[in-house]
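# A structural walkthrough
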Amino acid sequence: MKSKNNKVMKEYFYSFSKKCILTAAILLSMLPSCNEDILQEKPLDFFSPDNAFLTEQGVMQGIVALHDRVRMAYYSFGEFGTMSWRVHGSDLGYMGEAPQHNTYYINSYKDVNPIRRYVVDTWNTGFQIIQWANVLIEKIEELDAGIFQDGEAGKNLYLGEAKFFRAFAYRYLVSTYGDIPLLKEPVKSAKADFVRDPVSEIHKLMEEDFKFASDHLPNPGEEAAPGRITKGPALHYLGETYLEKAEPQLAVDVLTKAINNFNYDLMTERFGNHLDKDIFGSGDAYYDLFGYENHNLAENKEAMWVIQVEPFIQGGGFVQGAYIFGPRYFDIGLTPDGYQAILGTIYDGRYTGYSDTLSRGTANVRGTSLVYYAIWKDNWNNDTRNAEHNLKRNIYFDNPASAYHKQKIDFSLYNPPRPNPLEDTTKCLYPVHTKFLDPLNYFEQPNRAGGGRTHKDWYALRFAETLLLRAEAYLGTNQPDLAAADVNKVRARANANPVSPEAIDIDYILDERARELYGEEWRLIILRRTNKLIERVRKYNDNPVIPGADIEPHNVLWPIPQNQIDLNVDAEFPQNPGYE
């Protein structure tokens, strides 16, 4: 059972975090060095990994630093827009604010090259996390089990969590770049002879790490604080690794453990802190999953791994969900009769132009027609994930001076027609999934109705995804009846019509993932694993400026960063084909 006082434990976790994250980060980064003179110095006293991780509290500092690094790199948008890669370059979306060729995101795969920021930063951040994990793993393995409160079990718990993060970082890197260096130990000095180890060797390490984690991490509900890793996520990603290795029966076996051995379940009844505050006039269990402070509730059986976010606490973080996925409705300009279309909230005595429901979106990610229309066509009125409170399609003029006040914004009302229909539909107005919003509850930037930042926690993993992953594994074992059964559990919660075993295939599962997990799953990883990236991007990425995203077969992998190749002077480090 989850802690009854998650709020207190969460605040303790962050109180502890803010004291140790910077220290731990510095320590974890100290081992690699390119300066031989520094390596030769012998100070009388030095704060280093050799003397910092000698106690359980010191080890805990390293674990907190890994959690924080993963959160900031992959779940905040704060560094290099990684959250956009849930969608960009896939069948699900493109950059709506600027759908043309650009250097920041993949609207066209022709723009991908070895010096792009996202190519370089994805590589560097992944290997930084691996380095941090390796430093910590090495130091924990050197420690006597007696220093841990729970002895050998306590030591292995910390080892399991560190190994989980190492494998998790490799998961993204190996999918993105293919053959990459296999690092099981920290790099302790300047090194220029890295080699590209085969994908199979990376998967082997991931299997070993996730297996160790699944054996030694606590059961769900027994973790020391909200957000800590448990057996459930380790088993999920172990199952995914088996699918990457084309071993679907092993995937079925471990995913069945995750599904059956714990108290996970889909949430099918209304729950949480906001049952009397349905901002959009209605709600359901799916809507409640994303309510502020609902993620960590003991009654929430669907949460498997939750990224912790907390307002008003140093180190508490934020998620820019509304910023990334929301339209730039405030750029609409005037109503058809010439008044400001959106007055918005009042701050400092003036209208801001921003809605306290939508906050400030940037159209950084604009979904495709598949996301907003095609996947709902057979269940438009009954699938509750397509209900207005979950997928908001209607935005209204907001200016009492206009005759159009509170009418749905419809560009066909303008006469003469508006001058830029492309911008209107890719940037200014399109449906938005309310999971990314936190209506009437934005804590920062009141002059911009929150600036697109939310302080809701974020699901790194939900039980629905594990069911859909096992469905994929069942397809691999030629058991479509069992695959359909898992998919139908997810569909039943949404009141969607069941799929028959005859109709289930990998494309159906990918569509179901889009219905259930849009913006949560790492879509490029999924499409690469299922060998569907090229086909589905060409078919469904309907960016009106660059349909099909100019994708070619070699774009399944990204290029190796050029600086990695240039600095690796003592060994050959070949570029991925197509990017030479």
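Residues numbered from 1 in each chain as written. Predicted model: local features only at pLDDT ≥ 70, side-chain atom pairs only at ≥ 80, totals over all residues. Heavy atoms only, no water.

Right, let's talk about the confidence of the model for the protein for a bit. Residue-level pLDDT values for the protein average 92, and 91% of them are 70 or greater. Contacts for the low-pLDDT stretch residues 12-23, under 50 throughout, to residues beyond four places or in other chains number 26 contacts. Within the model, pLDDT remains below 50 along residues 30-47, and this stretch shows 24 contacts once partners closer than five positions in the same chain are excluded. (pLDDT = per-residue confidence, 0-100. Contact = heavy atoms within 4.5 Å.)

A few words on the nonpolar core. The biggest cluster of nonpolar side chains holds 131 residues, and the ones touching the most others in it are Tyr75, Phe164 and Trp305. With 13 residues, helix α6 (residues 151-177) is the largest single contributor of residues to this core. Grouped together as the second largest cluster of nonpolar side chains are 19 residues, Tyr354, Cys428, Tyr442 and Ala449 included. (Core = buried A, V, L, I, M, F, W, Y, C linked by side-chain atoms within 4.5 Å. Buried < 20%, exposed > 50% of the residue type's maximum accessible area, 1.4 Å probe, protein only. Helix = DSSP H or I, 4+ residues; strand = E, 2+ residues; numbered from the N terminus.)

Outside of glycine, negative phi angles account for most residues, and trans bonds account for most peptide bonds. Cis rather than trans, the peptide bond between Asn415 and Pro416 has omega equal to 10°. Structurally, Pro416 can be placed in the loop between β6 (391-392) and α13 (421-428). Non-glycine residue Asp348 carries a positive phi angle of around 55°. Checked against the element boundaries, Asp348 lands in the loop between β3 (346-347) and β4 (350-351). Looking at Asp348, the relative accessible area reads 64%, which means it is exposed. Despite not being glycine, Ala363 has its phi angle at roughly 55°, a positive value. In this fold, Ala363 is placed in the loop between β4 and β5 (366-367).

What follows covers the pairing of strand β2 (residues 303-307). Burial analysis of β2 places five of its five residues in the buried class, the great majority of the element. Where β2 meets strand β8 (residues 458-462), four bridges bridge the pair, whose relative direction is antiparallel. Along β8, the bridge assignment pairs Ile307 with Trp458. (Pairing = 2+ DSSP bridges.)

Right, let's get into helix α4 (residues 56-74). One turn of the α-helix equals 3.6 residues, which is why residues spaced by three or four share an orientation. For α4, with 19 residues, the first-to-last C-alpha span of 27 Å sits near the 27 Å given by 1.5 Å per residue. Burial analysis of α4 places 16 of its 19 residues in the buried class, which makes it a mostly covered element. (Expected span 1.5 Å × (residues − 1).)

On to the environment of Arg71. Looking at the element boundaries, Arg71 is found in helix α4. With relative accessibility at 5%, the residue Arg71 sits in the buried group. For the pair formed by Arg71 and Gly317, sequence separation is 246 residues and the distance between their alpha carbons is 8.4 Å.

As a further point, take the pattern of salt bridges. Proximity of charged atoms lets side chains of opposite charge pair with each other. Under the counting rule described, the total for this entry stands at 47 salt bridges. For Lys427, the salt bridge goes to Glu423, with nearest N and O atoms at 3.7 Å. Here Lys427 and its partner Glu423 are both found in helix α13, four residues apart, which amounts to about one turn of the helix. The class for Glu423 is partly exposed, based on a relative accessible area of 31%. (Salt bridge = Lys/Arg side-chain N within 4 Å of Asp/Glu carboxyl O.)

What follows is about the side chain of Thr176. In this structure, Thr176 sits in helix α6. Taking the relative accessible area as the measure of exposure, Thr176 reaches 0% and is therefore buried. A polar atom in the side chain of Thr176 sits 2.7 Å from the backbone oxygen of Tyr172. (Polar contact = N/O pair within 3.5 Å; in protein donor to acceptor, adjacent residues only side chain to side chain.)

Moving on to the packing of helix α9 (residues 248-260) against helix α14 (residues 463-476). It is the contact of α9 with α14, at a shortest axis distance of 9 Å, that shows an interaxial angle of 150°. It follows from the interaxial angle that α9 and α14 lie roughly antiparallel. As for the relative orientation of α9 and α14, their crossing is left-handed in sense. Each of Pro248, Ala251, Val252, Leu255, Thr256, Ala258 and Ile259 in α9 lies in contact with α14, whose residues at this interface are Phe463, Thr466, Leu467, Leu469, Arg470, Ala473, Tyr474 and Gly476. When the residues that make up the contact of α9 with α14 are grouped by side-chain class, the tally is eleven nonpolar, three polar and one charged. (Axes fitted to C-alpha atoms, helices over the stretch in contact; angles between N-to-C directions. Parallel < 35°, antiparallel > 145°, perpendicular 65-115°, else oblique. Left-handed = near helix turned anticlockwise from the far one by under 90°. Nonpolar A, V, L, I, M, F, W, Y, C, P; charged D, E, K, R; others polar.)

Here we come to the packing of aromatic side chains. Taken as a whole, this structure holds 43 aromatic pairs when the rule is applied. Look at Tyr75 and Trp305: their rings are 6.4 Å apart centre to centre, the planes differ by 70°, and that puts the pair in the edge-to-face class. Placement of Tyr75 in the loop between α4 and β1 (93-94) and of Trp305 in strand β2 is noted, with a sequence separation of 230 residues between them. Neither residue differs from the other here; Tyr75 and Trp305 are each classed as buried. When the centroid spacing of 6.1 Å and the interplanar angle of 65° are considered together, the rings of Phe397 and Tyr404 count as edge-to-face. Judged by relative accessible area, which is 22%, Tyr404 ranks as partly exposed. (Phe/Tyr/Trp six-rings, centres within 6.5 Å; stacked < 30°, edge-to-face > 60°.)

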